[in-house]
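Read off the chains here:
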Amino acid sequence: MRLFDSHCHINDPSFEKDLPETVERAKKAGVLKMMVVGITIKESRRAVEISEKFPGCWASVGIHPHDASSCSDKALTELKQIAKNPGVKAWGETGLDFNRMFSPAEIQEKWFIRQIEAAGELGLPLIFHERDSQGRFAELLADHGTANLRGVVHCFSGTPHELEKYLDMGLYI
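Note that the coordinates shown come from a computational prediction; the quantities given were computed from them, not determined experimentally. (Residues numbered from 1 in each chain as written. Predicted model: local features only at pLDDT ≥ 70, side-chain atom pairs only at ≥ 80, totals over all residues. Heavy atoms only, no water.)

Enquirer: Looking at this model, I keep getting lost on the packing of helix H3 (residues 73-82) against helix H4 (residues 105-122). Mind explaining?
Expert: In a pair of packed helices, the angle between the axes and the distance between the axes together describe the arrangement. With their axes 11 Å apart at the nearest point, H3 and H4 run at an angle of 25° to one another. One element, H3, and the other, H4, form an angle in the roughly parallel class. Relative to H4, H3 is oriented so that their crossing is right-handed. Contacts between H3 and H4 involve Asp73, Leu76 and Lys80 on the former and, on the latter, Trp111, Arg114, Gln115, Ala118, Glu121 and Leu122. (Axes fitted to C-alpha atoms, helices over the stretch in contact; angles between N-to-C directions. Helix = DSSP H or I, 4+ residues; strand = E, 2+ residues; numbered from the N terminus. Parallel < 35°, antiparallel > 145°, perpendicular 65-115°, else oblique. Left-handed = near helix turned anticlockwise from the far one by under 90°. Contact = heavy atoms within 4.5 Å.)

Next comes the structure, spelled out in structure tokens:
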């Protein structure tokens, strides 16, 4: 079987000691390609480093909703620069997480919208995170998504009706 891991966090510091071995174990298990997901500027940079060092690893850049309070115009500008690297194939992980509320809802929404716009400017698909948004995630995508919106709703806790909306938008779950 040939597998593509569309969402992994081997850029997390816990993998530093055995990253080459981790990538090799994945390949031996049939995982031929991996998307190393950025959730902060630091981890986005690390994802790019991994994509440059390990064939079959690609990177995404973004700010996770948990870290939305640390986002800024400067951070988005920096992520756009990082995203110019040829190993970057997506934007995210971005979205809304109204369960854990590590960042206030209005801050999550602001930077979620701005990241949708940034991905659209760069023509990148998105890696989405939606947890307990009570339909707000779908509303924001409907209002701020572009005609060429592409991506995967990686974390999803919505209703069957919301699921159908995402599929109708051409998104993956």
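Enquirer: I would appreciate a short explanation of the packing of aromatic side chains in the present structure.
Expert: The geometry of an aromatic ring pair is captured by the separation of the ring centres together with the interplanar angle, meaning the angle of the planes. Per the stated rule, a full pass over the model turns up 6 aromatic pairs. Look at Phe4 and Trp58: their rings are 5.8 Å apart centre to centre, the planes differ by 55°, and that puts the pair in the tilted class. One end of the pair, Phe4, is in strand E1 (residues 3-8); the other, Trp58, is in strand E3 (residues 57-61), and 54 residues separate them in sequence. Residue class for Trp58 comes out partly exposed when judged on its relative accessible area of 30%. Each ring, one from Phe137 and one from Tyr166, has its centre 5.5 Å from the other, and the planes form 85°; the classification is edge-to-face. A residue pair is termed long-range when its members are at least 10 positions apart, and Phe137 in helix H5 (residues 136-144) and Tyr166 in helix H6 (residues 160-168) qualify at 29 residues. Across the pair, exposure class does not vary: Phe137 and Tyr166 are buried alike. In textbook terms, an aromatic cluster arises when at least three aromatic residues are bridged by ring pairs, as seen for Phe112, Phe128, Phe137, Phe156 and Tyr166. (Phe/Tyr/Trp six-rings, centres within 6.5 Å; stacked < 30°, edge-to-face > 60°. Buried < 20%, exposed > 50% of the residue type's maximum accessible area, 1.4 Å probe, protein only.)

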